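Next come the chains, spelled out residue by residue.
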Amino acid sequence: MNKNILIHPVMLMAAMAFGLPAFAQQALWDKAPAKSPEVNPDNSVTFRLVAPEARKVVVTGDFLPAVKVESPEGSFDAPGTAELTKSTDGTWEYTSSVLSPELYSYSFIVDGTRFTDPSNVYQLRDISTLSNIFIIDGDYADNYRVSDVPHGTVSKVWYHSDSLGADRRMTVYTPAGYEKGDRRYPVLYLLHGMGGDENSWSELGRATQILDNLIASGKAEPMIVVMTNGNASMQAAPGETPQGLMIPTAQLPKTMDGSFEAHFPEVVEYIDSNYRTLADKGHRAIAGLSMGGFHSMQISKEYPEMFDYVGLFSAASHKRANGGAPVYEDFDGKIARQFANPPALYWIAIGDRDFLYEENRDFRSYLDSHGYPYIYRESPDGHIWKNWRIYLSEFLPMLFTR
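Residues numbered from 1 in each chain as written. Predicted model: local features only at pLDDT ≥ 70, side-chain atom pairs only at ≥ 80, totals over all residues. Heavy atoms only, no water.

A. Up close: the sheet that holds strand 8 (residues 91-95). One open sheet holds the 4 strands; their spatial order is 1-2-8-7, and the pairing between them is antiparallel. Lying at the two open borders of the sheet, with one neighbouring strand each, are strand 1 (38-39) and strand 7 (85-86). Of the strand pairs in this sheet, strand 1 and strand 2 (residues 45-50) are connected by 2 bridges, and their pairing is antiparallel. Paired with Val 39 across the two strands is Val 45, which belongs to strand 2. (Pairing = 2+ DSSP bridges. Helix = DSSP H or I, 4+ residues; strand = E, 2+ residues; numbered from the N terminus.)

B. Fine view of the packing of helix 4 (residues 259-274) against helix 5 (residues 291-302). For the pair helix 4 and helix 5, interaxial distance at closest approach is 10 Å and the crossing angle is 60 degrees. Put simply, helix 4 runs oblique to helix 5. When you trace helix 4 past helix 5, the crossing you get is right-handed. For the pair formed by helix 4 and helix 5, the contact residues are Phe 260, Glu 261 and Phe 264 on the first element and Phe 294, His 295, Gln 298 and Ile 299 on the second. In terms of residue class, the contact of helix 4 with helix 5 is built from 4 nonpolar, 2 polar and 1 charged. (Axes fitted to C-alpha atoms, helices over the stretch in contact; angles between N-to-C directions. Parallel < 35°, antiparallel > 145°, perpendicular 65-115°, else oblique. Left-handed = near helix turned anticlockwise from the far one by under 90°. Contact = heavy atoms within 4.5 Å. Nonpolar A, V, L, I, M, F, W, Y, C, P; charged D, E, K, R; others polar.)

C. Structural detail: the pattern of salt bridges. Enumeration according to the criterion identifies 16 salt bridges in this entry. The salt bridge partner of Arg 361 is Glu 358, with a shortest N-O separation of 2.4 Å. One end of the pair, Arg 361, and the other, Glu 358, are both in helix 7 (residues 357-369), 3 residues apart, so they sit about a helical turn from each other. Through salt bridges with shared partners, one network takes in Lys 35, Glu 38, Arg 48 and Glu 93. (Salt bridge = Lys/Arg side-chain N within 4 Å of Asp/Glu carboxyl O.)

D. Seen up close, helix 3 (residues 207-216). By the criterion of burial, helix 3 is predominantly enclosed, with 9 of the 10 residues buried. Looking only at helix 3, the buried set comprises Ala 207, Thr 208, Gln 209, Ile 210, Leu 211, Asp 212, Asn 213, Leu 214 and Ile 215. Next to the buried residues of helix 3 lie strand 13 (153-161), strand 14 (166-174), strand 15 (187-191), helix 2 (200-203), strand 16 (224-227) and helix 8 (385-395). Positive phi appears at Gly 218, one or two residues downstream of helix 3, with a value of about 80 degrees. (Buried < 20%, exposed > 50% of the residue type's maximum accessible area, 1.4 Å probe, protein only.)

E. How the structure looks around helix 7. Between its first and last C-alpha, helix 7 extends 18 Å over 13 residues, near the 18 Å set by a 1.5 Å rise per residue. Looking only at helix 7, the buried set comprises Tyr 357, Asn 360, Phe 363, Arg 364, Tyr 366 and Leu 367. For helix 7, the secondary structure elements touched by its buried residues are helix 5, strand 18 (309-313), helix 6 (331-340), strand 19 (345-351) and strand 20 (375-379). Two residues or fewer past helix 7, Gly 371 is found with a positive phi of approximately 70 degrees. (Expected span 1.5 Å × (residues − 1).)

F. Summary view of the packing of aromatic side chains. According to the stated counting rule, one finds 28 aromatic pairs in the structure shown. Seen in terms of ring centroids, Phe 313 and Trp 347 are 5.8 Å apart; in terms of plane orientation they differ by 85 degrees. Their pairing is edge-to-face. Here Trp 347 lies in strand 19 and Phe 313 lies in strand 18, a separation of 34 residues in the sequence. Residue Trp 347 is classed as buried on the basis of its relative accessible area, which comes to 3%. (Phe/Tyr/Trp six-rings, centres within 6.5 Å; stacked < 30°, edge-to-face > 60°.)

G. How the structure looks around the side chain of Thr 60. Tracing the backbone shows Thr 60 in strand 3 (residues 57-61). A polar side-chain atom of Thr 60 sits 2.9 Å from the main-chain carbonyl oxygen of Gly 80. Ignoring sequence-local partners within four residues, the contact set of Thr 60 consists of Pro 79, Gly 80, Thr 81, Ser 105, Tyr 106, Ser 107 and Ile 109. (Polar contact = N/O pair within 3.5 Å; in protein donor to acceptor, adjacent residues only side chain to side chain.)

H. Broad picture of the sheet that holds strand 13. With mixed pairing, the 8 strands of this open sheet are ordered in space as 13-14-16-15-17-18-19-20. With partners counted over all chains shown, the strands left at the sheet margins are strand 13 and strand 20, one partner each. Averaged over all neighbouring strand pairs, the angle between strand axes comes to 20 degrees, with direction disregarded. Packing against the sheet, helix 5 makes contact with strand 15, strand 17 (284-289), strand 18 and strand 19, and its axis sits at approximately 145 degrees to strand 17. Across the sheet, helix 7 is in contact with strand 18, strand 19 and strand 20; its angle to strand 19 comes to roughly 150 degrees.

I. The packing of helix 6 against helix 7, seen in detail. Contact geometry for helix 6 and helix 7: axes closest at 12 Å, N-to-C directions at 65 degrees. Handedness of the helix 6/helix 7 crossing: right-handed. Between helix 6 and helix 7, the residues in contact are Phe 331, Asp 332, Ile 335 and Phe 339 and Phe 363, Tyr 366 and Leu 367, respectively. Taken together, the residues of the contact of helix 6 with helix 7 sort by class into 6 nonpolar, no polar and 1 charged.

This is the structure we're talking about:
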């Protein structure tokens, strides 16, 4: 064993603060320092952290009431915080109020530095932020679990884009039984938000579990779901490209400059050429959250004969983005052509505390002024994955019913 190992300061500080062993060749005999989180019989949740040398420990997460944060860009909702209480053995503890069914995320702040829970191996990356997760059973959250039902297949698929000049990756879900038959399926193209990637919907959004459960229960049609990477300058998710272990960031070029929208027919052509699809407007849907909602709006009006079902989840719904890319020109004329033969479903959903709420209201007013039909869904809360998982759960059963 090489004794000249450099110990990263953050790792050393975490080990010292938590009283954990810093290194081992393989974690064969490690065990969780504490039982955390513990879902109690009444659906309150207890969080514990062993940190005898810490002076202050705080838990933060979307299970706590949101707080308003002011920034130069405007007002935003941020996860609330709650202080843990220290016991004589150096264990810090906090028990939440009774929680509604949902998948929640959280992390600890120890003396001002953010850490994930060392007792909870279940965590997700949202851009550059790591958080732990837990689930309270019931209602929509039952769709987020892996249930004892037939399961679809999730593949990471590379394709070549001539217009973007690169090999690119997307995540493709095929429903249970796809490999064994010759049936053809409708397709949903499901797009992520700014800073996300082709992993976002399957990991943060629990799209795979939602699809398996809704299809198995007969609430949604069996379908192929294509989760693209909406960052035209990237080949794939951070750390999974020839560029190496890049630091994830939301500040990427070519996200809303028309490049992604213009290249989208290449994605559809690849899917139709390589999968057993029903390759017509009536069997294609497109939906996305935030930036992906903006892309869905633009793509669906740019190619009006391609998609019969459109979902805008907390969408950035202004008419154009950066500059005068061809895809953003003549918005009024293009959307008029789209609604001349209106989509079977044009579904708009947003939270009443979302920072894009006013923008969505303006877009709905625009649609109303022209008599363009749509369905509107307003929910509580802000610009968060809780809402987008619910929207997907509600949107899927409405697809391919005409």
